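# Summary of the model geometry
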Amino acid sequence: QAQLVESGGGLVQAGGSLRLSCAASGRFFSIDAMGWHRQAPGKQRELVAVISSSGYTKYADSVKGRFTISRDNAKNAVYLQMSSLKPEDTAVYYCNVHEVTGRNYWGQGTQVTVSS
């Protein structure tokens, strides 16, 4: 059974850093894009960053220059290095994997809380 397991969330002060990790285990047909989304209380889930199988990256304007997404294809893993964190970055962060078949998988989410 294919599943995604996230780790690395927690509580950090504004200006601090965190690194999120997501490991994909089980059977995946062929992974295309991998990414991170987040959902703050009372808000819709939004894209934070995505990376294609060839390494092309895209970021939300709100995190450009502060967050860096990377992946390890051999490990089926994706990472999100978050720096200069702000209170408005507080949210549950979800890992997402998109197969070439069009199927999407989601992790269970990891809480990131940034205190002012």
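Description of the structure in this document. (Residues numbered from 1 in each chain as written. Predicted model: local features only at pLDDT ≥ 70, side-chain atom pairs only at ≥ 80, totals over all residues. Heavy atoms only, no water.)

### Observations concerning the environment of K86
Following the sequence through the fold, K86 ends up in the loop between β8 (77-82) and β9 (91-99). Sequence separation between K86 and V114 is 28 residues, and the spatial gap between their C-alpha atoms is 6.1 Å. Once you skip the residues sitting within four places of it in the chain, K86 turns out to touch R66 and V114. (Helix = DSSP H or I, 4+ residues; strand = E, 2+ residues; numbered from the N terminus. Contact = heavy atoms within 4.5 Å.)

### Remarks on the state of the cysteines
Taken as a whole and judged by the stated rule, the model has one disulfide. Each disulfide pairs two cysteine sulfurs, and for C22 the partner residue is C95, the sulfurs being separated by 2.1 Å. Taking the sign of the S-S torsion, -80° for the link of C22 and C95, the bridge is left-handed. Taken together, the positions of C22 in strand β3 (residues 18-25) and C95 in strand β9 put the pair 73 residues apart, joining distant regions of the chain. Both residues of the pair, C22 and C95, belong to the buried class. (Disulfide = S-S within 2.5 Å. Buried < 20%, exposed > 50% of the residue type's maximum accessible area, 1.4 Å probe, protein only.)

### A look at the nonpolar core
Residues W36, L80, M82 and Y93 are the most contacted members of the largest nonpolar core, which totals 31 residues. Taken together, the elements giving at least two residues each to this core come down to β3, β4 (31-39), β5 (46-51), β7 (67-72), β8, β9 and β11 (110-115). Not counting residues up to four positions away in its chain, the partners in contact with M82 are G16, S17, L18, L20, R66, F67, Y93 and V112. (Core = buried A, V, L, I, M, F, W, Y, C linked by side-chain atoms within 4.5 Å.)

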